[in-house]
Amino acid sequence: MRSLDWIVLVSSLTFAVAFGIWKGRGSKNIKSYLLSNYDMKWYTITLSVMATQASAITFLSTPGQAYVDGMRFIQFYFGLPLAMIILSITAVPIYHRLKVYTAYEYLEKKFDLKTRALAAFLFLIQRGLAAGLTIYAPSIILSVLFGWNLHITIIVIGGLVIIYTASGGSKAVGWTQSYNMLIIFLGIGTAFFIMLYLLGNHISFLDSIKVAGKMGKLNAIDFSFDLNNRYNIWSGLIGGLFLQLSYFGTDQSQVQRYLTGENIAQSRIGLLVNGIVKVPMQFIILFIGAMLFVFYQFIQPPLFFDPVATKNIKKSIHAEKYEALENEHKKVFEEKRTDLNNLVSSMNSDDESETKYSEKRIDESELKLNNIRNEAVNLIQKENPRANPNDVNYVFLTFVINFLPAGLIGLVLAAIFAASMNSTSAEINALASTTIVDIYKRTIKSEASDKHYLVFSKIATIFWGLFAILFAEFATRIGSLVEAVNILGSIFYGTILGIFLLAFYFKRIKGTSVFFAAIIAEIAVVFCFIFTGISFLWYNVIGCLLVIFIAIIINSFLNRRKISVQ
Amino acid sequence: MNEDIKQNYNNAEGSPSPFKSWKAWYAIVLGNLVFLIILFYIFTKVFQ
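Here, residues in each chain are numbered from 1, in the same order as that chain's written sequence. Lettering for chains starts from A, numbering for ligands starts from 1, and both go in the order in which the items are written. Totals for whole chains, interfaces and linings use every residue, but because this is a predicted model, local features are given only for residues with pLDDT of at least 70 and side-chain atom pairs only at 80 or more, for both listing and counting.

**Quick word on the overall build of chain A**
Looking only at helices and strands, one finds 22 helices and zero strands in chain A. Rg of the C-alpha trace for chain A: 25 Å, near the compact-globule value of 24 Å for 566 residues, within the 12% margin. Once the C-alpha set of chain A is aligned to its principal axes, its extents read approximately 80 × 55 × 45 Å. Exposure in this text rests on C-beta crowding, where 20 or more other C-beta atoms within 10 Å of a residue's own make it buried, 12 or fewer make it exposed, and counts in between make it partly exposed. The C-beta atoms are placed from the backbone. Looking at chain A as a whole, 55% of its 566 residues qualify as buried. Contacts here follow a simple rule: the backbone-placed C-beta atoms of the two residues must lie within 7 Å. In chain A, 86% of the contacts between residues at least 6 apart in sequence involve partners at least 24 apart. To qualify as a helix, a DSSP run of H or I must reach at least 4 residues; to qualify as a strand, a run of E must reach at least 2; elements of each kind are numbered from the N terminus. Each radius of gyration reported is based on C-alpha atoms, and the globular scaling rule is 2.2 Å times the count of residues to the power 0.38.

**Comments concerning the interface of chain A and chain B**
Contacts between chain A and chain B engage 22 residues on the former and 20 residues on the latter. Those elements that provide at least two residues to the side of chain A that touches chain B are helix H5 (79-89), helix H10 (205-214) and helix H13 (264-298) of chain A. Looking at which element gives the most residues to the side of chain A that touches chain B, the answer is H13 of chain A, with eight residues. We call Asp, Glu, Lys and Arg charged. Ala, Val, Leu, Ile, Met, Phe, Trp, Tyr, Cys and Pro are nonpolar, and the rest, Gly among them, are polar. Broken down by class, the residue content of the side of chain A that touches chain B amounts to 16 nonpolar, five polar and one charged.

**Details of the domain arrangement of chain A**
Residue and element names in this part refer to chain A. Entries for chain A in the domain assignment read domain 1 (3-296 + 399-473) and domain 2 (319-387). Those domain boundaries reflect an automatic or database domain assignment. Inter-centroid distance (C-alpha atoms) of domain 1 to domain 2 is 36 Å. The residue makeup of the side of domain 1 that touches domain 2, split by class, is two nonpolar, no polar and three charged.

**Some words on unusual backbone geometry**
Of the consecutive residues serine 17 of chain B and proline 18 of chain B, the connecting peptide bond is found in the cis state with omega at 5°. Although it is not a glycine, aspartate 350 of chain A adopts a positive phi angle of roughly 55°. One can find aspartate 350 of chain A in the loop between helix H15 (319-348) and helix H16 (352-383).

Here it is in structure tokens:
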């Protein structure tokens, strides 16, 4: 990084933090610290819910996801607009009219204390772990850039986030998210246009899309139905709907964002606009990954994108063998590049036989390149058995560092840091709210001054920040970060959603039935995760439906028992 | 008195601006999703 990058990065971060602290300085009581005094307009809510969901993981990992697996990940978001409509009709008016601080308060009003505590507990585990991953993502950047120890980097980044979050509160979170979204759009948009400009030296934009399509990276829609296929339109629409319903309807980090709306309409419009813009936004991010793939068909990519692992292997006893693999990789890459140029020419001249011949040659080269890569990964793991064989999270970063001009690297890094700070602060803020409102105030100390709860909210924020750091320390062997977060969420979300659907729509079901049904359903989902190959999006459906069916069965059993006793 | 209650209720609820009803909002969100799925499907088929 050059001086100009440092100036851009440091100025942007300093402004964001100072802006947050300045905006959050009026948070002198628990209501303004946790709910920003209900004064947010729809556009702030839209930006806030988008910023909370789109963490640094989204910008680091999603382009890499498209680079490796194509654009089929877009289907994961198809349930989101449907969820926004359902929540606008159901959850938003209920939460607003009851003036709750957390979503889980509603469960006690509807069922009982133990069901509220169980849902809050599941949220605290899941979101606490997810917050760890959102701290881990930007930590990779620093460890890559400076060769720092990743574990120490996590502690430093996490520590900075804790200070910012504890001092800001909900008001600061909402305002900085709006500013940071601007930086994010600017940073990612600039990186995309520079990539297209550089790609233009080798191939036209339309031909880039054709090449990406021919190489299977534009597989946006898949209508096949297969429970073990992670992303198809059915898992996206059905599984994704359940996941997004649970995330936006029951996860306090999101509920807290739209609870700050000045009325029901502002919260509703905020969510509905998110339902309109989220899918195209994700499409663009994935498209960047697909274009990055085309870019690296003409500019030779590294054999392995993780520079630290590459540096280590080059210092080891396997260095000679690794260098031989690099030379082989370079040779096959150049052959493939020639075939790609032939493919583009034959496609443009509608020469079908030449196109098929070039495709066949490219497939053969791809196979060879994959074999060379697998050998390289085996070598890296032989040298260090703890090394992560998945380098998807480094793909976008490698491009940014190697090809963006001075100043713009700083801007993209500022965008990634901004995204991470936004989502982490929203998460830690929500974790503190739930800990104080649903656990501490409700079960430990129900009578205390407002100042007491404000101080304890800040302590809870620090506690959850430290918890997130601890989890981040163990996250280094997780593959694609964006998938890891969603898999983790899916293990818990179905059960929590089932509890809330019972509360919204099943008037005769009692708290005890819901409580035991939720415990059984959660055990079943964990069983599916450990022992079956079922794709994670279906955990949301399984968990949710199990809670509802088991609660109905237990409830009817308890009712019969009650009648027979009478 | 009834007017005051109605006014307070309207302030708490708000209006579905710029439309007259929430149904119009829901139709736009749903229509946008259907449009995007069709668009992405064509995109997949044309370039595969």
